[in-house]
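Okay, here's what each chain looks like letter by letter:
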Amino acid sequence: MYSLMVSTFGGGPTKEIFLDAANVGELEKKYLCECIDSTYVSSVGENIGKFENKFASYLGTKRAVSTAVSTQSGTSALHLALYELGIGPGDEVIVPVITFIATVNPIKYVGATPVFVDVDPDTWNVDPNEIEKHITKRTKAIIPVHLYGNPCNMDKIMSISEKYNIPVIEDATESLGATYKGKFTGTFGIMNAFSFNGNKIITTGGGGMIVTDDEKKAEHLKFLVSQARDVSRGYYHTEVGFNYRMTNLEASLGLAQFERLPEFLNKKRTFAKIYKEGFKGNDKITFQESYEDTQSSYWLSSIKIESSKSIPQIQEELKEKGIPTRRIFVPIVEFPPYREYKKEEYTNAYEIYEKGLNLPSSTLNDEEQIEYVVEVLSSVI
Ligand SMILES: Cc1ncc(COP(=O)(O)O)c(C=O)c1O
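Residues numbered from 1 in each chain as written. Predicted model: local features only at pLDDT ≥ 70, side-chain atom pairs only at ≥ 80, totals over all residues. Heavy atoms only, no water.

A.B. asks: I would appreciate a short explanation of the nonpolar core in the present structure.
C.D. replies: Nonpolar side chains in soluble globular proteins tend to end up buried together. Counting 69 residues, the largest nonpolar core has Phe51, Phe55, Ile98, Phe116 and Phe194 as its most contacted members. Sequence-distant contacts of Phe51, that is, excluding residues within four places in its chain, are made with Phe196, Ile202, Thr204, Met209, Met246, Ala251, Gly254, Leu255 and Phe258. Counting 23 residues, the second-largest nonpolar core is a separate cluster that includes Ile17, Phe271, Ile370 and Tyr372. (Core = buried A, V, L, I, M, F, W, Y, C linked by side-chain atoms within 4.5 Å. Buried < 20%, exposed > 50% of the residue type's maximum accessible area, 1.4 Å probe, protein only. Contact = heavy atoms within 4.5 Å.)

Okay, here's the thing in structure tokens:
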């Protein structure tokens, strides 16, 4: 039925299909207007603390209640986590070679060296065996990334962390709401980063969060994000701090989005189910697989395609039918600042990059549109 509607309008769907666009509406408007009316639009205001507390109690673990410190972005959250651990020149940090550049650049910000490892061919997440192979005396942190919302093998990663006494900083920027053995991603590491960029599971326009069970660290992070200002002494700064605070305006948006998180997760998981059922039996398509007892947030539903057509060619044909897609992240060692690494070591990453595709996953879409994507993609390949 949907394709009939589509053909009536000359090949494009009547309602735009979105890859990862933000879903903001009346509740967000209400909270934003209230914030503007209060005049507390900047770095002071009650919504910042409210948002942090809600976030922390949502993620609260059995061991301890998490503490959340809001930031300007996921990138600044990762930067601060590395900084707080005292990582610097001469230190090495292990990261997967497939991720967004923002996982890696903060390692450079603190003057340390990223050590890239290949990913598992099925889950596309950092391969724990590869992590262990790359540990040296200089390794000071491991940053697993729950790629596209799919939880990493945290049992193995945490046991490596304990064995070698190397802290883990989870990059949970894409995996809010995802669980590994019943526990939320972003609650395993010593300090973990979330992102509220416009295309993420919830958005504050731009923003992030660091989550930790270590209250002392949280307190210090709160101080650091605010120019390391000792408020009791006025404008007095005892350390070199950062301006990495979230604003009250952003936190208002965050509060509204957070109320809608169950709706967003439910939609993303439903879309993933439609894709999986729709492509069942299609031997040209494989999905990013999950580890046992995990639940992905399905930030972006992602597949690998075996076809005589290249991924850009498939993308072009989908685009003509009104379907936006995105390629898998380019392996980081392709980029000029990171070219001294040997590409040959990352065969799984390159294979995923060559064949992988992110499918429309925005919660602005509806189920009919996702079924249309299945139908069109099946005929294109
Ligand atoms: C894997 C990964 N790490 C880090 C970030 C950085 O987050 P932000 O854009 O909020 O700085 C993002 C998202 O953009 C991401 O996808």
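So, next bit.
A.B. asks: Mind showing me how you'd approach the side chain of Gln257 here?
C.D. replies: Here Gln257 lies in helix 9 (residues 248–259). When neighbours within four sequence positions are excluded, Gln257 is seen to be in contact with Asn23, Val24, Glu28, Ile202, Thr203 and Phe264. (Helix = DSSP H or I, 4+ residues; strand = E, 2+ residues; numbered from the N terminus.)

A.B. asks: Is there a simple way to think about the site of the ligand in this case?
C.D. replies: Around the ligand, 16 residues are found, and the nearest of them are Gly74, Thr75, Glu174, Ser195 and Lys200. For the ligand, an oxygen atom lies 2.4 Å from a polar atom in the side chain of Thr75. Within the contact set of the ligand, an oxygen atom lies 2.7 Å away from a side-chain nitrogen or oxygen of Ser195. When the ligand is considered free in solution it has 380 Å² of accessible area, and contact with the protein chains removes 93% of it. Judged by the proximity of its atoms to the pocket grid, the ligand belongs to the second largest pocket. If you tally residues by element for the shell around the ligand, the top one is helix 4 (residues 74–84), at three residues. Taken together, the residues of the shell around the ligand sort by class into four nonpolar, nine polar and three charged. (Near = heavy atom within 4 Å. Polar contact = N/O pair within 3.5 Å; in protein donor to acceptor, adjacent residues only side chain to side chain. Areas by Shrake-Rupley, 256 points an atom, 1.4 Å probe, with all protein chains shown as cover. 1 Å grid on protein atoms, 1.4 Å probe; cavity = no way out; pocket = protein on both sides within 12 Å on 5 of 7 lines; lining within 4 Å. Sits in = over half its atoms within 2 Å of the grid points. Nonpolar A, V, L, I, M, F, W, Y, C, P; charged D, E, K, R; others polar.)

A.B. asks: Is there a simple way to explain helix 7 (residues 154–164) in this structure?
C.D. replies: Owing to its 3.6 residues per turn, the α-helix brings residues three or four apart onto one side. Along helix 7, the residues that are buried comprise Met154, Ile157, Met158, Ile160 and Ser161. In an axial view of helix 7, the angular spread of the buried residues amounts to 155 degrees, which keeps them on one side of the axis. Within helix 7, the exposed residues directed more than 90 degrees away from the buried face are Glu162 and Lys163. The inward-facing, buried residues of helix 7 contact helix 6 (128–133), strand 4 (139–142) and strand 5 (179–180). The first or second residue beyond helix 7 is Asn165, which carries a positive phi of 55 degrees. (Arc of directions from axis to C-beta.)

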